[in-house]
Amino acid sequence: MTDPTIQVSSLRKSFAHGSGRTDVLCSLDLEVDAGEIIAIKGRSGSGKTSLLNILGGLDRDFRGTVRVASHDLDTMVDRALSLFRNEVIGFVFQSFHLIDSMTCSENVALPAAYSRRRGHSITPRNVEKVLERVGLSGLGEEETRTMSGGQKQRAAIGRAILLGPRVLLCDEPTGNLDVETGAQILKLFQDLNASEGMTVVLVTHEDRVARIAGRVLNLEGGVLV
Amino acid sequence: MSSVILRNVYRAREHLGSSLFGVVAGVGVFVFFLALGAGLRGVIQGEVFPIERLEVVPAKGGLSSLGIMAPGSGQGRTIPEKKVRRVRKIKGVKEVYPRMRFGFPAKAWGGEGVFGQTMWTEVVADGIPAMLVREDLGEDSLFRDWSGKDSGKACSLDSDCPKSEYCGHGPRSRVCMHPVPFLVSRYLIELYNGTLVSAHNLPNLPDWALRKARGMRLHMDIGRSSLGDAPKGRPREVQIAFAGVSEQAIDIGITVPLAYVQRWNGEFVGPEASSGYSSLSVVVANKDEVTFVAEMLKRAGLVIRSKGEEQIGLMIMLFETTFIVISILILLISSLNISHAFFLLARDRRRELGIRRAVGATQADILGSFLLEGAAVGIVGGLFGVVLAVACSVLGNFLAASFLPDFPFKPDDFFHFSPVLILVSLVVGTFSCLVGAMFPAFRASREDPTRALM
């Protein structure tokens, strides 16, 4: 019996506003096994993105214990969290978050610029392989601003998987795509999960996205049900 | 990484353009005026007042130190030979050249060939070792003690003697002898050309005329002047020959080889006057040892004679300081400008910084990338500043050569760009940019990535 890849216990997150605070996550518990695909559904403002940011080590302002791939995020300092994001986590965002001034392959290769792994250099050939893997073969020199939404999301997925992360965190990955392109992207997640054994956490409000998940959890009132 | 930094700088060219201009201007002013100061200081200390050469006089000089000599007054306070030997033993002293003033009256006349009329003058003069001007005038210079090389042939007219000699007064009868060589200072020539020429309608004496005048003979009465005769000795007429212009010559007057002065002072004043020196020219082996040698000379009861070099040095220092302050103010303003530009950059790149943080950039990575961009602006601005300063110096030298009148020690190049100066300028330019970029870079590195990605 192996430990779950993600273990969250009594997670609390609140936001200050005006004179008071609003709780978005209230004593939330979650466990996700290695290689699992789960979908977290919920209304806008329910705290889905907040949960994803905490799981990805982007947000340190929380209470409770969060353990991802044997890393205790609640005790890690900024430098360790940066390394964790670089090596363990792959983010895929709704609005792609590519850097417009860079080409497609430069965006894909971006995590390599911050890799601290000794003897693990990323070559242009590695980047080309990743581009092939996400269906962007031959588009490496494209300016990202000229690419379609589907191509941009594929480039963002390529960037997320470049360094072989154990966990892929996807925030509304098909939210800005048409149905057909969205389906292709979901198929890509399924393939990556099957071939690489990546654990995939999908945050969405779309049923079609949730359908590829082995488990669907709803975030309501700050807890998962 | 460097290509990413340069590309980021290129992307931010609109924000950084005016800042770059400030750095170029600041570094340009900084380098230009420091190079000008270094160039002028080099001329002043290397040629006008060689810092490695100290002129020392006895502790209490009287009127004689000004070159004014009453008949029969002797030399006033002098430096004895014993003290000269002591000075030679001071650590760091390379050479000591003694200088001895005429302790007797003298007057000179002649110069029709050069001045177009006979000139008369009381003579203020001194003597220096011929070795002191050997480097300036060359090995074949006239300036030496000819007394041992005179033919000594009996004569009654100059035409009875070889061409290089004249019929002079020997101890008992007239014999052929070489004229006494003399030097004048550049200062005296400038004084003559600048004031006497126009006041008395005399011919100008440019360098070519001075070269042509070498060997020109004048007559000089020794032991006798319009003010009276020396108390002892045999006043007589000698011939003197112009040997050239030297910075070692007395400012106003003539300078002859030391041996002549020693003999004449002994004859017209007394034996003690032939062994006491009016001043010493002390050559220091190394500029770094000047301070130590100066202190030792003071301890020996000697005074270092200032010819204004300290005041000029102070003026150059004030000049340099003023422009350093101005350039630092310019750099400070450009530093503030850089700071503003980087705040705008950080705002424009907020989302990009969030993305970089999401894929693994640490706060130090973000801070470092901004600082590297600041350094790149500083280095590029600094290089342009140095190029601008060099270009302005070329223009300055051209304008000086074209429009400034000739003056003593006028240099061909007023500027000295040392590698150290250029390096320091680049460091100063880069530092000002780093200071400007520091706070915005720090703020950007502390940006919450979740907010940046919203």
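Quick caveat: nothing in here was measured; it's all calculated off a predicted structure.

The rules behind these values
- Residues numbered from 1 in each chain as written.
- Chains lettered and ligands numbered in written order.
- Predicted model: local features only at pLDDT ≥ 70, side-chain atom pairs only at ≥ 80, totals over all residues.
- Heavy atoms only, no water.
- Helix = DSSP H or I, 4+ residues; strand = E, 2+ residues; numbered from the N terminus.
- Rg over C-alpha atoms; globule rule 2.2 N^0.38 Å.
- Buried < 20%, exposed > 50% of the residue type's maximum accessible area, 1.4 Å probe, protein only.
- Contact = heavy atoms within 4.5 Å.
- Areas by Shrake-Rupley, 256 points an atom, 1.4 Å probe, with all protein chains shown as cover.
- Lys, Arg positive; Asp, Glu negative; His and termini not counted.
- Charge placed at Lys NZ, Arg CZ, Asp CG, Glu CD.
- Pairing = 2+ DSSP bridges.
- Patch = residues over 30% accessible without salt bridge, like charges linked within 9 Å, V, L, I, M, F, W, Y side chains within 5 Å.
- Salt bridge = Lys/Arg side-chain N within 4 Å of Asp/Glu carboxyl O.
- Axes fitted to C-alpha atoms, helices over the stretch in contact; angles between N-to-C directions.
- Disulfide = S-S within 2.5 Å.
- Buried area = accessible area lost by both parts, 1.4 Å probe.
- Polar contact = N/O pair within 3.5 Å; in protein donor to acceptor, adjacent residues only side chain to side chain.
- Nonpolar A, V, L, I, M, F, W, Y, C, P; charged D, E, K, R; others polar.
- Domains from an automatic or database assignment.

**Notes on the overall build of chain A**
Of the regular secondary structure elements, chain A holds 7 helices and 10 strands. A compact globule built from 225 residues should have a C-alpha radius of gyration of about 17 Å, and chain A, at 17 Å, falls within 12% of that. When burial is assessed residue by residue, chain A has 53% of its 225 residues classed as buried. Restricting to contacts in chain A with at least 6 residues of sequence separation, those with at least 24 account for 72%. Total accessible area computed for chain A in this model is approximately 10000 Å², and 46% of it derives from carbon and sulfur atoms. Positive and negative charge centroids in chain A, built from 26 and 28 side chains respectively, lie 3 Å apart.

**As for the pairing of strand E9 (residues 215-220) of chain A**
In regular strands, side chains alternate between the two faces of the sheet. Residue and element names in this part refer to chain A. As judged from the 4 bridges shared by strand E3 (residues 37-41) and E9, these two strands associate in the parallel manner. Note on E9: the bridge partner recorded for Ala-39 is Val-216. Pairing of E9 with strand E10 (residues 223-224) involves 2 bridges; the strand directions are antiparallel. Across the sheet, the residue bridging to Glu-220 is Val-223, located in E10. Between E9 and the antiparallel strand that follows it, E10, lie 2 residues; Gly-221 among them carries a positive phi value of about 60°.

**Quick word on the side chain of Thr-450 of chain B**
Structurally, Thr-450 of chain B can be placed in helix H14 (residues 449-452). Aside from chain neighbours lying at most four places away, what touches Thr-450 of chain B is Asn-53, Leu-58 and Asp-59 of chain A.

**Points about a positive patch on the surface**
All names here are of chain B. On the surface, a cluster of positive charge is contributed by Lys-82, Arg-85, Arg-86 and Lys-89. With respect to the secondary-structure elements, Lys-82 resides in helix H3 (residues 81-88). Residue classification places Lys-82 among the exposed positions, given a relative accessible area of 66%.

**Things to note about the sheet that holds strand E4 (residues 63-68) of chain A**
Residue and element names in this part refer to chain A. Read from one edge of the open sheet, 4 strands run E2-E1-E4-E5, paired in antiparallel fashion. Every interior strand has two partners, whereas the edge strands, strand E2 (20-32) and strand E5 (71-72), have only one. Both strand E1 (residues 6-17) and E4 contribute to a ladder of 5 bridges, which runs antiparallel. The residue bridging Gln-7 from the neighbouring strand is Arg-67, located in E4. Sheet strands touched by helix H1 (residues 48-55): E1, E2 and E4. Its angle to E1, the strand with the most contacts, is close to 125°.

**What about the state of the cysteines?**
Residues and elements named next belong to chain B. Summed over the entire model, instances satisfying the criterion amount to 2 disulfides over all chains. The partner cysteine of Cys-155 in its disulfide is Cys-167, sulfur to sulfur 2.0 Å. Classification of the bridge connecting Cys-155 and Cys-167 rests on its S-S torsion, roughly 100°, and on that basis the disulfide is right-handed. One end of the pair, Cys-155, is in the loop between helix H5 (134-137) and strand E7 (166-169); the other, Cys-167, is in strand E7, and 12 residues separate them in sequence. The burial state of Cys-155 is the same as that of Cys-167; both residues are buried. A sulfur-sulfur separation of 2.0 Å characterises the disulfide bridge that pairs Cys-161 with Cys-176. Around the S-S axis, the bridge from Cys-161 to Cys-176 shows a dihedral of about -85° and counts as left-handed. Here Cys-161, found in the loop between H5 and E7, pairs with Cys-176, found in strand E8 (residues 174-177); they are 15 residues apart in sequence, far enough to count as distant. Like Cys-176, Cys-161 is buried. Counting only the cysteines that form disulfides, in the order they appear in chain B, gives the pairing 1-3, 2-4.

**Some points on the interface of chain A and chain B**
Opposite the 22 residues of chain A that make contact, chain B presents 18 residues. Between chain A and chain B, a total of about 1900 Å² is buried, with carbon and sulfur atoms accounting for 55% of that surface. By the criterion of area lost to chain B, the three top residues of chain A are Leu-58, His-97 and Tyr-114 of chain A, representing 30% of everything that side buries. Linking chain A with chain B are 2 salt bridges, by the criterion used here. With a shortest N-O distance of 2.8 Å, Asp-365 of chain B and Arg-116 of chain A are connected by a salt bridge. At the surface where chain A touches chain B, the tally comes to 11 residue pairs in polar contact (both at pLDDT 80 or more). Counting residues per element, the side of chain A that touches chain B draws most heavily on helix H2 (residues 78-87) of chain A, which supplies 5 residues. Its residues assigned to classes, the side of chain A that touches chain B shows 9 nonpolar, 5 polar and 8 charged.

**So, the domain arrangement of chain B**
The assigned domain composition of chain B is domain 1 (2-48 + 312-452) and domain 2 (53-305). The C-alpha-based centres of domain 1 of chain B and domain 2 of chain B are spaced at 54 Å.

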